[in-house]
Amino acid sequence: MVKVVGVRFKHAGKIYYFDPGDVELSSGDAVIVETVRGVEYGDVVVPPKEIAESDLVQPLKQVLRRATEADMQTMQENAGKEASAFQIGLEKIEKHGLPMKLVDVEYTFDNNKVIFYFTADGRVDFRDLVKDLASVFRTRIELRQIGVRDQAKMLGGLGPCGRSMCCATFLGEFEPVSIKMAKEQNLSLNPSKISGICGRLMCCLKFETEVYKAEKESRMEESQGHTDGESAKKKSVRGSQAEKPEDGTDGERKAEVKETPSGGSGELESGQQPAMPKPNRNRKRRYRRPRNRPKKDQGKQGQNSDKR
């Protein structure tokens with residue numbers, strides 16, 4: 001187990017773990033830490049705790065010290081420089097005629113690097129732009145291309161629900177979202193209704209689908225238990241019917257009557273089946289057209305005349 005603290009450098013940004021060392025820290029403290037790109041200013045969002053070494057990304061960086069008032073003043077000055085650098089970046093991009101959109105500018109805490117975040121449809125050759133910016137700022141320049149979801153996270157705004165966007169409020173990392181999640185929640189598959197400001201599927205589909213799955217499983221269990229109870233009830237009813245005595249009032253069989261050959265009727269004993277009437281086999285004769293035959297009287301008259 002290793003003792004760590006969680007530090008966040010931007011609002012609703014990713015949380016990184018650092019080794020607190022001998023510095024006593026609590027949630028909400030401002031600290032100066034050592035990162036890959038240099039010394040940075042951040043806020044403690046996860047108080048000191050112990051986690052397994054397998055859950056950490058080695059090597060674990062160190063917390064240098066608590067932030068002082070001078071460090072906070074430096075951060076305010078960097079914020080002012082970022083606003084002016086953004087305007088200069090827009091002018092230089094327009095001058096070189098590059099198909100890119102500038103989103104944000106960031107100064108490192110020690111002013112050793114200026115990072116320009118931009119979006120573009122494809123690859124952009126910005127080598128001349130980097131040289132031009134380096135001649136203006138006299139420091140290292142980094143141009144970083146980001147996606148539309150990162151752009152929405154940086155700029156912020158209101159989502160289709162009317163509230164602040166989740167990515168700019170509390171989501172530290174983006175998770176994959178699929179159209180299958182919208183189907184499981186019985187939502188309309190119209191892209192305009194399930195897409196956020198960034199044009200991609202809304203992030204809330206991800207963390208709400210777990211609730212829908214749990215509710216679906218509970219309903220299936222309830223329906224299964226209901227059907228099992230009905231089947232058991234039917235079996236008990238059938239068993240009670242089979243257990244009824246044959247010599248009781250409900251089990252008595254009525255005497256049946258059948259026709260005798262002489263046309264009379266006689267009583268049948270219990271258990272005998274009545275004789276079924278024979279089917280009528282007399283079929284309706286087909287109509288035949290009569291032939292033109294001489295009548296018998298006419299034939300006899302002809303014979304008598306011959307005799308005479």
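Everything below is about the structure shown above.
Described below are features of the structure shown in this document. Here the structure is a predicted model, which means the values were calculated and not measured. (Residues numbered from 1 in each chain as written. Predicted model: local features only at pLDDT ≥ 70, side-chain atom pairs only at ≥ 80, totals over all residues. Heavy atoms only, no water.)

### Details of the overall build of the protein chain
For clarity, the threshold we go by: Secondary structure elements follow DSSP: runs of H or I of four or more residues count as helices, runs of E of two or more count as strands, with numbering from the N terminus. Relative accessible area decides the class of each residue, using a 1.4 Å probe on protein chains only: under 20% of the type maximum gives buried, over 50% gives exposed, and in between gives partly exposed. The contact criterion used throughout is that any non-hydrogen atoms of two residues lie within 4.5 Å. What sets the accessible areas is the Shrake-Rupley method with a 1.4 Å probe; for residues, cover comes only from the shown protein chains.
The number of helices and strands found in the protein chain is eight helices and 10 strands. In the protein chain, which comprises 308 residues, the share counted as buried stands at 25%. Restricting to contacts in the protein chain with at least 6 residues of sequence separation, those with at least 24 account for 58%. Summing over all exposed atoms, the protein chain offers an accessible surface of approximately 23600 Å²; the carbon and sulfur share of this is 48%.

### Remarks on the pattern of salt bridges
What counts is decided by this rule: When a carboxyl oxygen of Asp or Glu lies within 4 Å of a side-chain nitrogen of Lys or Arg, that pair is called a salt bridge.
One pass over the full model with this rule turns up nine salt bridges. As a salt-bridge pair, aspartate 71 and arginine 65 come within 2.5 Å of each other at their nearest N and O atoms. On the accessibility criterion, arginine 65 (36% relative accessible area) is partly exposed. One salt bridge connects aspartate 125 with arginine 127, and the closest N-O pair in it is separated by 2.9 Å. Each of Lys92, Lys95 and Asp132 takes part in salt bridges that share partners, so that together they form one network.

### Observations concerning the sheet that holds strand S5 (residues 63–66)
We apply this condition: At least two DSSP bridges between two strands are required for those strands to pair. For helices, the fitted line uses only the C-alpha atoms of the stretch in contact; every axis is such a line through C-alpha atoms, and the angle between N-to-C directions lies from 0 to 180 degrees.
Strands sit in the order S2-S1-S4-S3-S5 across an open sheet of five strands; the sheet is antiparallel. Every other strand in the sheet has two partners, leaving strand S2 (15–18) and S5 as the edge strands with one partner each. Adjacent strand axes in the sheet meet at a mean angle of 45°, parallel and antiparallel pairs treated alike. Judged from the three bridges that link them, strand S3 (residues 30–35) and S5 form a sheet pairing that is antiparallel. When the bridges of S5 are listed, valine 31 appears paired with arginine 66.

### What to know about empty space enclosed by the protein
Think of a ball as big as a water molecule: rolled over the atoms, this probe shows where empty space is left. Stated formally: Only protein atoms enter the calculation, which uses a 1 Å grid: trapped sets of points that fit a 1.4 Å probe without letting it out are cavities, open sets showing protein on both sides within 12 Å along at least five of seven lines are pockets, and any residue with an atom within 4 Å of a point is a lining residue. Grid points are joined across faces, edges and corners, and a volume is the space filled by probe spheres set on the points.
In total, this model carries one cavity of 30 Å³ or more according to the counting rule given. For the largest cavity, the calculated volume is near 40 Å³. As for the largest cavity, its lining consists of Gly89, Ile93, Met100, Leu102, Phe116, Phe118, Leu129, Leu133 and Leu143. When residues of the lining of the largest cavity are traced back to their parent elements, those giving at least two are helix H1 (69–96), strand S7 (113–119) and helix H2 (127–137).

### Structural notes on unusual backbone geometry
Phi at asparagine 111 is positive, roughly 60°, even though this residue is not glycine. Among the structural elements, asparagine 111 can be located in the loop between strand S6 (101–107) and S7. Non-glycine residue arginine 138 carries a positive phi angle of around 55°. Residue position: arginine 138 is located in the loop between H2 and strand S8 (140–145).

### Concerning the sheet that holds S7
Strand pairing in a sheet takes place through backbone hydrogen bonds and is either antiparallel or parallel in direction. Taken in spatial order, the three strands of this open sheet run S6-S7-S8, and their pairing is mixed. Either end of the sheet is taken by a strand with one partner, and the two such strands are S6 and S8. The mean inter-strand angle of the sheet, taken between neighbouring strand axes irrespective of direction, is 20°. In the sheet, S7 pairs with S8 via six bridges, with the strands oriented parallel. Among the inter-strand pairings, isoleucine 115 is bridged to a residue of S8, identified as glutamate 142. The sheet contacts of H1 involve S6 and S7, and relative to S6 the element is tilted by about 145°.

### Considering the layout of surface pockets
Which entries qualify depends on this criterion: Three categories are distinguished: nonpolar for Ala, Val, Leu, Ile, Met, Phe, Trp, Tyr, Cys and Pro, charged for Asp, Glu, Lys and Arg, and polar for the others, with Gly belonging to the last.
Its volume calculated, the largest pocket comes out at about 1400 Å³. For the largest pocket, the lining is made up of 45 residues, of which Phe9, Lys10, Lys14, Tyr16 and Arg37 are closest to its centre. Elements that contribute at least two residues to the lining of the largest pocket include exactly S2, S3, strand S4 (38–51), H1, S6, S7, S8 and helix H3 (148–155). Looking at the lining of the largest pocket residue by residue, the class counts come to 22 nonpolar, seven polar and 16 charged. Reported here for the second largest pocket is a volume of approximately 420 Å³. Lining the second largest pocket are 21 residues, and of these Cys161, Ser164, Met165, Cys166 and Cys204 lie nearest its centre. Counting only elements with at least two residues in the lining of the second largest pocket, the list comes to helix H4 (166–169) and helix H7 (204–242). Tallied by class, the residues present in the lining of the second largest pocket amount to 14 nonpolar, four polar and three charged.

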